[in-house]
Every structure is written in C-alpha cells, then in structure tokens.
Amino acid sequence: MPNLSQIMDTFKGKKIPDFTPVVPIYHTAAALGAGVTLKDYASNSSKMAETMLWAYNKFRFDGVQLTLGVGMEAEALGAKTEQAEKGLPTIKEHLLKDILKLKQLKIPDIKSAGRMPVFLEAVKIVQETIGRKAVVIPTVRGPLVLAGQLRGISDLMLDSYDNPDFMKELLDFCTELCFCYANSILENTGVRAIAFGEALCSPDFISPEFYKEIMAPFHKKLVQRIHAVGLEVAIIHICGNILPIFDTFYDTGFDTADIDAKTDLKTILKLNKASKKTLGLRGNIDPSWLFQAGESEVKEKSQKLLLEVGNNPWILSSGCDVPYGTPDANMSAMTSAAKK
Ligand SMILES: [Zn+2]
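Please read these numbers as outputs of a predicted model, since none were measured by experiment.

Colleague: Mind showing me how you'd approach the packing of helix H7 (residues 143–151) against helix H8 (residues 153–162) here?
Modeller: Working note: a packed helix pair is described by the angle between its axes plus the distance between those axes. Packing of H7 against H8 brings their axes to within 7 Å, and their N-to-C directions diverge by 115°. By the angle between their axes, H7 is roughly perpendicular relative to H8. When you trace H7 past H8, the crossing you get is right-handed. Every residue of H8 that contacts H7 at Ala-147, Gly-148 and Arg-151 is listed here: Ile-153, Asp-155, Leu-156 and Asp-159. The residue makeup of the contact of H7 with H8, split by class, is three nonpolar, one polar and three charged.

Right under this line is the structure:
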C-alpha cells in the first residue's frame, strides 16, 4: 500500500519503485457521477467536497484536484460571473476594461470574498477527510491567467505590444494576488500541494521568449514565496505543447509539471533525466480522447504510457481537465492500469 509520503515524494520528483500515483485533473466531471449539479458544486462547499470524496472512493485515486473555475479569483475582486448548466462560473464583464481602474483594485479579504469561502471550506473538508492518506490539490490561477480574467484575454495580448508598462504593473498585482490566494488556502485548509493554472502561458498563446523573459521571473518570485510559507508541492499547469518552455521550470522552482498530451514525451523524459533537479511529471492522457475512448483502450493506453515513462517520477493523469460526461468506466480503467 502506498503511503502519503511516497505520493508526495513522486510529486517532488523522486521515483518510488513499483509505484505510480494516479491523480487526474478530475473535478466537474465527477459531479455527474456523484449526482451533484454543477450549480451546487460551485456554490455549496459540502456538495463540492461530497463530489471529490465520491471520486476518491470510487476510483481509488491517490489524490484529488479541486477547482472553482478560472473566474474564481476575479469574482472575489468584484467581477460578475455567469454559469452555464454544464460548466463552472465564468466572468461576464472584465473589471479592467479601463486600465486606470487597476489603481483602485485592492487585495480582498480572501476568507470572505466572492465564492472563496465556498472553495476554502470544500478544500478543508476534503483535506480533513482524506488528507492523511491522499494528496488534496486546490487549483488557483497563475498571474497571467488572473490578468486575463481581469483585463480580458484579447486586450491583455494587445497590451503586451501597446502598453508593456501597464502589463507589468498588472502582472505585479496579479502575482501578489495569486500569492495571497494560495497562502490563504494553505493557512485555512492545511493542504500540502497547490496547482497553479497558467493556460495562457502556453506557446499556443504567447511566444516561448515572452514566457522566459517576462513570465518566468514572476513565477519564480511566486514559487519562492509560497514555498517559504510552507507549501511543499507547487504544480505548474500549462496546456498544449510546453516543450519550448519546459527547461524554465527547473529555475522557477516548481516541484511538478503537468504534461499535456501534445508535448513530446520522449524529449521531456530525456530532459528531466539529464537535469540535476528532477521534476515530478504528471499526465498525459489526452482528455478529449479519454472522453470518447473505450474502457479497454484506456487501460491499454495507460499501461503503454507507464512503460514509456519507466523509472521517471510520474503521476498518471489526464493532460488537462477531464471533460464533463467522461464515462466512469474510463476513469476506473486508468486507475487499474497503475494498480496491481
Ligand atoms: Zn490544461
């Protein structure tokens, strides 16, 4: 039986012989199986916790990951959100349509702002229930995604050309905000790992040069501070092919990197082996494939992946969020590939 320290060690980049933890990015999809509506999941902490505990018990995962969606932090700052039936709340109107408003934004009291209390309480319940045997991973948005949620993604991309000074000022604010959210989660729930969602840092959105020169220093500062206040495992999640920016993660100090399905696995494994500091790697089953594949195909693909990663510190997971409606049988098939 694996114990929590073996799970944590894998996330920190140490391979435990004959053991691969299974911790997929599986949250809203679990609501369907747990019989919880997404409206309840996103507004009621006991329902969110019930959903995650259902997934943990049903699929024998080694941990769970919770999120309240990309709009959570901006909502806590005052942005209005709306929620579709099969999704999490999203921002209706961006708070920084007018860049002059940045000066008026203040870091809120995170314990009472927007839906943060719902999220904090849900994470706390899950941590108290399973946190001694499994890793509980809340998701917060990284500085660039936060900036996108406040300013609007297309305006933010234009700012990077037209108004780089404003963009840096905004990123400073968002890095502070991200730290405060993560720190508040840490203080109020006792979790040992946090995932930082930075989809906008994908080479699909910004150039690798932009990531390395502009974003990586913000990430480094953030990770240093959050480690200093006691976080054990900082996970970076960037969608798409992250190979062009992967080497930066060693310097920024993240412990685990999520590897999406589009990234060339062989090269990543080679880089990680050759590095002095080894990262925990998590992935990389394509979530849209997982949604429509057959049970036996999922088991076969997961087993093949485990052979390929060999003695790398690997956590078996989807490369990105498991879509709502993914069959339970496919999640079971993934776990069974890793458990004897
Ligand atoms: Zn992703």
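The rest of the description comes next.
Colleague: Any chance you could explain the pairing of strand E6 (residues 233–237) here in plain terms?
Modeller: Remember that side chains alternate between the two faces of the sheet whenever the strand is regular. The buried fraction of E6 is high, at five of five residues. Burial along E6 is two-sided: the residues Val-233, Ile-235 and His-237 and Ala-234 and Ile-236 are all buried. Here strand E5 (residues 193–197) pairs with E6 via five bridges, running parallel. Paired with Phe-196 across the strands is Ile-236, a residue of E6. A crossover links E5 with its parallel partner E6, the connecting element being helix H10 (residues 208–228), and its sense is right-handed. As paired strands, E6 and strand E7 (residues 256–259) are joined by two bridges and run parallel to one another. Counted as the bridge partner of Ile-236 is Ala-257 from E7.

Colleague: How should I be thinking about the nonpolar core in this particular structure?
Modeller: If you look at the biggest cluster of nonpolar residues, it comprises 106 residues, and the most contacted ones within it are Met-52, Val-64, Val-123, Val-126, Cys-178, Ile-194 and Ile-235. Top contributing element to this core by residue count: helix H9 (residues 164–189), with eleven residues. Non-local contacts of Met-52, meaning those with residues more than four positions away in its chain, are made with Ala-30, Val-64, Leu-66 and Val-126.

Colleague: Explain unusual backbone geometry here, please?
Modeller: Glycine aside, the phi torsion of most residues is negative, and most peptide linkages are trans. In the segment running from Gly-283 into Asn-284, the intervening peptide bond is cis, with an omega of -25°. Mapping Asn-284 onto the fold places it in strand E8 (residues 280–285). Residue Asp-18 is not a glycine yet carries a positive backbone phi of 55°. Relative to the helices and strands, Asp-18 resides in the loop between helix H1 (4–11) and helix H2 (28–34). Judged by the 7 C-beta atoms lying within 10 Å of it, Asp-18 is exposed. Backbone geometry at Arg-60 places phi at a positive 55°, although glycine is not the residue there. Tracing the backbone shows Arg-60 in the loop between helix H4 (45–59) and strand E1 (63–66). The class for Arg-60 is partly exposed, based on 14 C-beta atoms found within 10 Å.

Colleague: Explain the pairing of strand E9 (residues 314–318) here, please?
Modeller: Most of E9 is tucked away: five of the five residues are buried. Bridge count between E8 and E9: five bridges; the pairing is parallel. Bridge assignment links Asn-284 to a residue of E9, and that residue is Ser-317.

Each value, and the rule that gives it
Think of each chain on its own: its residues are numbered from 1, step by step along the sequence as written. Thresholds applied to this predicted model are a pLDDT of at least 70 for local features of residues and 80 or more for the giving and counting of side-chain atom pairs; totals over whole chains, interfaces and linings are not thresholded and use all residues. In this description, a line fitted to the C-alpha atoms serves as the axis of each element, helices being fitted only across the stretch in contact, and the angle between N-to-C directions of two axes falls anywhere from 0 to 180 degrees. Helix and strand definitions here come from DSSP, where helices need a minimum of 4 consecutive H or I residues and strands a minimum of 2 consecutive E residues; each element is numbered from the N-terminal end. Any angle that falls under 35 degrees is termed roughly parallel, while one over 145 is termed roughly antiparallel, one within 65 to 115 roughly perpendicular, and all others oblique. Crossings are assigned a handedness: left-handed for a near helix turned anticlockwise from the far helix by less than a right angle, right-handed for a clockwise turn. Any two residues are considered in contact once their C-beta atoms, placed from the backbone, lie within 7 Å. Residue polarity is assigned by list, with Asp, Glu, Lys and Arg as charged and Ala, Val, Leu, Ile, Met, Phe, Trp, Tyr, Cys and Pro as nonpolar; anything else, Gly included, falls into the polar class. Three classes are used. A residue is buried when 20 or more other C-beta atoms lie within 10 Å of its own, exposed when 12 or fewer do, and partly exposed in between, with C-beta atoms placed from the backbone. By the convention used here, strands pair only if DSSP detects at least 2 bridges between them. Look down the strands so they point away from you; if going from the first strand over the helix to the second traces a clockwise path, that crossover is right-handed. Any set of buried Ala, Val, Leu, Ile, Met, Phe, Trp, Tyr and Cys residues joined through C-beta atoms within 7 Å is what this text calls a nonpolar core.

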